Amino acid sequence: MSIDTVSTAHPETERLPRARPFVALVAILQREALRFLGQKGRLVAALVRPLVWLFVFAAGFRAALGLSITPPYQTYVTYEIYIVPGLTGMILLFNGMQSSLSLVYDREMGSMRLLLTAPLPRWWLLFCRLLAGSFISILQAYAFLAIAWLYGIRFPWIGYIAALPALALAALMLGALGLLLSSLIRQLENFAGVMNFVIFPMFFLSSALYPLWKMAEASPFLRDLCEANPFTHAVELIRFALYAKGNLLAFGVTAGAFVLFASAAVWGYDPARGFTARKA
Amino acid sequence: MAGLKIEGITHDWGARRALDKVTLAVEPGRFCALLGPNGAGKSTLFGLLTRLFVPQSGRIEVAGHDLSREPRAALAQMGVVFQSSTLDLDLTVRRNLLYFAALHGLSGQEAEHRTMAALERLGMAERAGERAGALNGGHRRRMEIARALIHRPKVLLLDEPTVGLDAASRAAIVSHVHDLAKEGLTVLWATHLVDEVHADDRLAVLHRGRILADGEAGEIGGDNLSARFLSMTKEAA
């Protein structure tokens, strides 16, 4: 094999390209989108889980769970209608964790190193990655809402528009949590722990599958845990937004959790202070 | 001197000292081999040079830029080929290079032009549309070297870039990177393979986190660098 020489000659007068944050952002978004489109099974896999809940579990639970009229609902709703915002949140939660898994994989495989050696602020690179993951999450969430619409679970059309910022904030918050976890997880094998100790408790201790007043009937303590869970508030934000309504508490908690998780993730990835600095 | 300067770098992993007052200066246009057995501290040093983490003491200067004070300017002048492949195997060769170009601020025609020029020079233009995962090990390494040069860095760091390659691919890549140094690029080549070092190369022998020898390879190794390297690392053990 022979290799021709790559010329690296560059006169001193030539200006070296300055790293441009938005060029990097577009490239990272494009890369994630291409990877997503290239992995045909990923969309199907992401949708199967909530669809099984919707088509199978919800049908079974419908009879068992009586739902009273609580905001944003103005009338009795079927269980299927109740859980659609929760299942949309489930997509964002699992995708946020999937991003975390892929970050750990990237770090082990090296492509994370490539990203972190780009001449841009590290917080910006992490934010780009977070934004790209959230973008994919939102696409999946809308794909799920479209299937639910075809199944007959429909929200006011304005709700689908109003849900966009809610989905974006929820996806960012859960993606930031994934980012934080990826800075804590040393090896890919430890990811199973994330499933058991983060995803499942977050999902089941929330209002995704049952309203909190229902949980309070079983245990006020569990209800308090659900209330403290930021995923509950992300789900409620989406639920209200789908009816074009705001929920200030849900917005505040979701936004606050995003800031907290994102700040901790930036700290975790700081080359001087974070967890990565302690890795061999 | 605006090549690569490493001054008094010390780094511990818990109670274990990975690097102990490592000092090394590579002048521009020089090929410097960083020779060390497994566990010598080469990967820790590369982690510090690429700012994946920062040293507990000492300083690093890349093309005149202090890595801790001006990290972005220093990183902009640095091309890196990591030991493990950092290619996105699902994407095409061209897409991989364009992605990297964008991380360094290159876009549009300029990025396309430099990507295609780099691939052409490496004889890989016809592979531009192929998935990176479909390339063999030698071609992937060529592609990574081409990618590391897209932004025209002044310093090129390679961490055991020939691991897993067959003899012919290894020889071609070693010779190619030596040519790059002759054209003015500062090269730091980490390896544990003595036959990748030429007699007129700059050589730094790293063992157990300390520099045991630093100078012209021919002077350090005499007529048998391999034997000298083995005796040095045995003496120090």
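Per chain, residue numbering runs from 1 following the sequence as it is written. Working convention: letters from A go to chains and numbers from 1 go to ligands, in the order in which they are written. Local features in a predicted model are, by the rule used here, given only for residues with pLDDT of at least 70; side-chain atom pairs are given and counted only at 80 or more, and totals for whole chains, interfaces and linings are based on all residues.

**A closer look at the overall build of chain B**
What counts is decided by this rule: By the criteria applied, helices consist of DSSP H or I runs no shorter than four residues and strands consist of E runs no shorter than two, each listed in order from the N terminus. This radius of gyration counts C-alpha atoms alone. The globule rule is 2.2 Å times how many residues there are, raised to the power 0.38. We call a residue exposed when 12 or fewer other C-beta atoms sit within 10 Å of its C-beta, buried when the count reaches 20 or more, and partly exposed for counts in between; the C-beta positions come from the backbone. By the convention adopted here, residues are in contact when the distance between their C-beta atoms, placed from the backbone, does not exceed 7 Å.
Per the secondary structure count, chain B includes 8 helices and 10 strands. The C-alpha radius of gyration computed for chain B amounts to 18 Å, which stays within 12% of the reference 18 Å derived for 237 residues, consistent with globular compactness. The principal-axis extent of the C-alpha atoms belonging to chain B is close to 50 × 40 × 35 Å. The buried share of chain B, reckoned over its 237 residues, is 50%. Counting only contacts in chain B whose residues sit at least 6 apart along the sequence, the fraction spanning at least 24 positions is 67%.

**A closer look at the overall build of chain A**
For chain A, the count of helices and strands is 11 helices and 0 strands. Starting at the N terminus and walking to the C terminus, you meet the elements of chain A as α-α-α-α-α-α-α-α-α-α-α. For chain A, the proportion of its 280 residues judged to be buried stands at 43%. Residue pairs in contact within chain A that sit at least 24 positions apart in sequence constitute 78% of those at least 6 positions apart.

**Structural notes on the sheet that holds strand β7 (residues 155-159) of chain B**
All names here are of chain B. Rule in force here: At least two DSSP bridges between two strands are required for those strands to pair. To obtain an axis, a line is fitted to C-alpha atoms, over the contacting stretch when the element is a helix, and the angle between two such axes runs from 0 to 180 degrees between their N-to-C directions.
Spatially, the 6 strands line up as an open sheet ordered β6-β7-β8-β3-β9-β10, and their pairing is mixed. On the outer flanks of this sheet lie β6 (78-81) and β10 (210-216), each paired with one strand and no other. Between one strand axis and the next, the sheet turns through 15° on average, direction left out of account. Relative to strand β9 (residues 202-207), strand β3 (residues 31-35) runs parallel, the two being bridged by 4 bridges. When the sheet's bridge partners are listed, L34 is paired in β9 with A204.

**Quick notes on the sheet that holds strand β2 (residues 16-26) of chain B**
Residues and elements named next belong to chain B. Sheet architecture is open: 4 strands sit in the order β2-β1-β4-β5, paired in antiparallel fashion. Two strands lie at the open edges of the sheet, namely β2 and β5 (65-66), each paired on one side alone. Across 2 bridges, the pairing between strand β4 (residues 57-62) and β5 is antiparallel. Within the sheet, the bridge partner assigned to E61 lies in β5 and is D66. Its contacts with the sheet place helix α1 (residues 42-49) against β1 (4-13), β2 and β4, and it is angled at close to 65° to β2.

**Quick notes on the pairing of β6(B)**
On a regular strand, each side chain points to the face opposite its neighbour's, so the side chains alternate between the two faces of the sheet. Residue and element names in this part refer to chain B. Residues of β6 alternate between two faces, with M78 and V80 on one and G79 and V81 on the opposite face, all of them buried. Two elements, β6 and β7, share 4 bridges in a ladder whose sense is parallel. Residue pairing for β7: V80 is matched across the bridge by L157.

**A word on the pairing of β3(B)**
All names here are of chain B. Across the 5 residues of β3, 5 count as buried, placing the element largely inside the fold. Of the two faces of β3, the one holding F31, A33 and L35 and the one holding C32 and L34 are both buried throughout. Here β3 pairs with strand β8 (residues 186-191) via 5 bridges, running parallel. Bridge assignment links A33 to a residue of β8, and that residue is W189.

**Some points on the packing of helix α6 (residues 157-184) of chain A against helix α11 (residues 248-268) of chain A**
Residue and element names in this part refer to chain A. Worth spelling out the cut-off: Reported orientations rely on four angle classes, namely roughly parallel under 35 degrees, roughly antiparallel over 145, roughly perpendicular from 65 to 115, and oblique for the rest. Left-handed describes a crossing whose near helix is turned anticlockwise from the far helix through less than a right angle; right-handed describes the clockwise counterpart. When residues are grouped by polarity, Ala, Val, Leu, Ile, Met, Phe, Trp, Tyr, Cys and Pro land in nonpolar, Asp, Glu, Lys and Arg in charged, and all others, Gly among them, in polar.
Relative orientation of the contacting elements α6 and α11 amounts to 30°, with a least axis distance of 8 Å. Compared by their axis directions, α6 and α11 come out roughly parallel. Regarding α6 and α11, the two cross each other, and that crossing is left-handed. Taken together, the residues of α11 that come into contact with α6 (itself represented by L169, A170, L172, M173, A176, L177, L179, L180, S183 and L184) are T254, A255, A257, F258, F261, A262, A264, A265 and G268. The class makeup of the residues in the contact of α6 with α11 is 16 nonpolar, 3 polar and no charged.

**Comments concerning the nonpolar core**
The test is simple: Each nonpolar core consists of buried Ala, Val, Leu, Ile, Met, Phe, Trp, Tyr and Cys residues. Their C-beta atoms, within 7 Å, join them into a set. An automatic or database domain assignment provides the domain bounds reported here.
A170(A), M173(A), A176(A), I238(A), A102(B), V187(B) and W189(B) are the most contacted members of the largest nonpolar core, which totals 153 residues. Take this core: its biggest share by element is 15 residues, from α6(A). Split by domain, this core shows at least three residues from each of two domains, domain 1 (4-77 + 154-236) and domain 2 (88-152) of chain B. Setting aside anything within four residues of it in sequence, one finds W189(B) in contact with F31(B), C32(B), A33(B), L34(B), L158(B) and V177(B).

**Regarding the packing of helix α1 (residues 21-38) of chain A against helix α3 (residues 93-103) of chain B**
Following both chains from N to C, one finds α1(A) and α3(B) inclined at 150°, their axes separated by 8 Å at the closest point. Here α1(A) lies roughly antiparallel to α3(B), going by the angle between them. The element α1(A) and its partner α3(B) pack so that their crossing is left-handed. Between α1(A) and α3(B), the contacting residues are V23(A), A24(A), V26(A), A27(A), R31(A) and L34(A) on the first element and R95(B), Y99(B), A102(B) and L103(B) on the second. Considering only residue class, the contact of α1(A) with α3(B) consists of 8 nonpolar, no polar and 2 charged.

**Here we look at unusual backbone geometry**
One can expect most non-glycine residues to show negative phi and most peptide bonds to be in trans. Residue and element names in this part refer to chain B. One non-glycine residue, K21, lies in the positive phi region at around 50°. Checked against the element boundaries, K21 lands in strand β2. Overall, the presence of 14 C-beta atoms within 10 Å leaves K21 in the partly exposed class. The backbone of A63 sits at a positive phi, close to 50°, despite the residue not being glycine. Within the secondary structure, A63 sits in the loop between β4 and β5.

**Things to note about helix α6 (residues 167-182) of chain B**
Residue and element names in this part refer to chain B. Spelled out, the test is: A helix is expected to span 1.5 Å multiplied by its residue count minus one. What the arc describes is the spread of directions from the helix axis to the C-beta atoms.
If you check α6, its first and last C-alpha atoms are 23 Å apart, about what 16 residues at 1.5 Å a residue would give, namely 22 Å. All of the buried residues along α6 are S169, R170, I173, V174, V177, L180 and A181. Seen end-on, α6 carries its buried residues on one side only, within an arc spanning 130°. Of the exposed residues in α6, those oriented more than 90 degrees away from the buried face are A167, A168 and K182.

**A short note on the domain arrangement of chain B**
All names here are of chain B. Domain assignment breaks chain B into domain 1 (4-77 + 154-236) and domain 2 (88-152). Relative to domain 2, the C-alpha centre of domain 1 lies at a distance of 25 Å. On the side of domain 2, 6 residues touch domain 1, which itself brings 8 residues to the contact. Here the side of domain 1 that touches domain 2 is built from residues that sort into 5 nonpolar, 2 polar and 1 charged.

**What about the confidence of the model for chain B?**
Low pLDDT means the predicted coordinates in that region are not meant to be read closely. Spelled out, the test is: Looking at any residue, its pLDDT shows the predictor's confidence there, from 0 to 100.
Per-residue confidence for chain B averages 89 on the pLDDT scale, and 98% of its residues sit at or above 70. Model confidence for the complex is summarised by a pTM of 0.82, with the ipTM given as 0.83.

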